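Secondary and tertiary structure notes
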Amino acid sequence: MVLRGLAKAKNFTLGPTAPMKSFSEHIDPKIKTRKLRNRSGESHHFTDQLQNKKLYDYELKTKKSFDDIVSTLKEIAYIQHNENFLKNAQQISQNNLGIDLPSYILEKSWVKPLDMRALYAWCVFKQHAKFSDDFFKNDPLEGSSGSIEAKNFEKFLLDCGFHLLDITPCSDGRLAHTVAYVMRIPFSAVRRRSHAGALFDIENTVNRWIKTEHKRYREGVPNPADKDTRYLKIVTYHFSSVDPLHQGCAAHGSNDALAAEEGLNKLNAFRESVENSFCCGASVDLMLIGLDTDTDALKIHLNSKDGNISLENTVSTLDIYNSTIDKSVDETSQEICQLISNYSCEKDLTGIENLFIN
Ligand SMILES: [Zn+2]
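This text gives an overview of the structure that appears in the document. All of these numbers come straight from a predicted model, not from anything done at the bench. (Residues numbered from 1 in each chain as written. Predicted model: local features only at pLDDT ≥ 70, side-chain atom pairs only at ≥ 80, totals over all residues.)

Focus on the overall build of the protein chain
Along the backbone of the protein chain there are 11 helices and six strands. Expressed as a percentage of the 358 residues in the protein chain, the buried residues total 25%. Intrachain contacts of the protein chain at a sequence separation of at least 6 include 60% that bridge at least 24 residues. (Helix = DSSP H or I, 4+ residues; strand = E, 2+ residues; numbered from the N terminus. Buried ≥ 20, exposed ≤ 12 C-beta atoms within 10 Å, placed from the backbone. Contact = placed C-beta atoms within 7 Å.)

Pasting the structure below:
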C-alpha cells in the first residue's frame with residue numbers, strides 16, 4: 001500500500017488534513033474548558049428537550065450500526081471451522097447488522113482463514129448504504145424537502161428578508177452536523193457545500209447566485225424577483241476550546257484568527273464580485289460564524305458600525321446560555337436582542353438579527 005501512513009508523514013504536503021484524534025490524557029491540564037452551567041438540575045428555558053432526544057437517539061443508532069461490525073465479525077471468525085458455517089454466519093450478520101455477507105468470501109473459509117479485512121470493508125460500505133437509504137426514504141430527522149419543518153423554516157427565512165440560505169462550513173468531519181444539529185435547520189431548506197477551511201470558490205458561488213436569481217425571474221421560486229429579499233451567504237469556520245493550538249482548523253494551521261479572517265475575505269470577495277458584475281443594486285447579505293468543535297457553541301460575528309462584519313465584535317451562544325440560565329423566557333429574549341443590536345425588543349430587529357435570535 002503506497003498510501004499507507006501518508007497522513008502521518010512529515011513531508012506530506014498534498015493538502016490540509018484534519019488533525020489526528022486526540023485523547024484527553026494528552027491535553028494540557030492547564031487548558032480550561034468553559035462548561036455549561038446547570039440550573040439546579042434543570043435545563044435552560046430555551047432548551048428543546050424533545051428535539052435533543054430525537055437527535056441524540058438518531059446519533060446513537062447510527063454510531064451503533066457501525067460499532068457492531070467488529071463484535072459481529074469476531075463472532076463469525078470464532079465459528080469459521082464449524083459445521084453449517086455459511087448459514088450460521090449469514091444468520092449472525094442478519095441478526096446483528098441486518099445485512100448479508102458476500103458468500104464468495106465465506107465459502108473460502110475451508111481453504112484459508114477468513115479474509116476479515118474484506119468482510120470489514122464490505123460491512124462498512126453496506127451499513128453506509130443502508131444508513132443513506134434510510135435517511136432519504138424515511139427522513140428520520142424530518143427535514144426533507146416538503147416536510148413541515150422545511151416549509152416553516154423557508155417561511156421564516158422569507159420573513160427575515162432572505163430568499164436563499166447558502167452555508168459553507170469547513171469540510172472537516174467535525175462540522176458534518178453543523179446544519180441539522182448545531183444550527184437546527186432542516187437540511188433541505190439550505191444550500192450547503194463544504195470546502196477545506198470554509199474557503200469556497202467565488203466563481204461557483206456567483207454562478208449559483210445567478211441561477212437562484214434567474215429562477216426568481218422565470219418561475220417566481222422561491223419568491224418573485226420584485227420582492228425585496230436577499231441571498232444570504234454564511235461561512236462557518238471552526239476552532240477548539242480544549243486544545244486551540246492543535247485541534248483547530250487544519251487548513252489554517254489551528255489559527256482561529258486566520259480562519260475567521262480568511263472566511264471574511266471570501267465573503268467580501270463574493271459580495272464584491274456580485275456587485276461589480278451586476279448593476280441595479282444587486283448585492284448579497286453575509287454572515288460569519290465560528291463553531292467550537294468541543295462544545296458546539298457558536299461564535300457569531302456582528303456587524304460593525306460601517307455595515308461590515310467585525311472580526312472582533314462577536315457573541316458566543318455559550319456565554320448567552322450561561323448568563324441567562326436562571327432567567328425567564330422574556331428576560332432571555334430581551335438580553336439576546338440587546339446583545340445583537342441596540343434594541344431590547346424582538347419586533348425592532350432587522351432580518352439578519354432576527355435570524356440570530358431564532
Ligand atoms: Zn477546518
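Considering the environment of Y321
Summarising the element assignment, Y321 is placed in helix α9 (residues 317-323). The partly exposed category is assigned to Y321, around which 17 C-beta atoms lie within 10 Å. For the pair Y321 and I336, spaced 15 residues apart in sequence, the C-alpha separation works out to 9.9 Å.

Some points on unusual backbone geometry
The peptide bond linking V221 to P222 adopts the cis configuration, its omega dihedral lying at 0 degrees. Position of P222 among the secondary structure elements: in the loop between α7 (202-219) and β3 (230-239). A positive phi angle is found at N84, which is not glycine, with a value near 55 degrees. With respect to the element layout, N84 can be found in the loop between α1 (49-78) and α2 (85-97). Phi is positive for D296, which is not a glycine, with a value near 65 degrees. With respect to the element layout, D296 can be found in the loop between β4 (285-292) and β5 (298-303).

A look at the nonpolar core
One finds L165, L232, Y237 and L288 to be the most contacted residues of the largest nonpolar core, which totals 39 residues. Where this core is concerned, the elements lending two or more residues are α5 (148-159), β1 (162-169), β3, α8 (256-277) and β4. The greatest single-element share of this core, amounting to six residues, is contributed by β3. With residues near it in sequence (within four places) discarded, Y237 still touches C170, A198, C249, A259, A260, G263 and G290. Residues L73, A89, L101 and L106 belong to the second largest nonpolar core, which totals nine residues. (Core = buried A, V, L, I, M, F, W, Y, C linked by C-beta atoms within 7 Å.)

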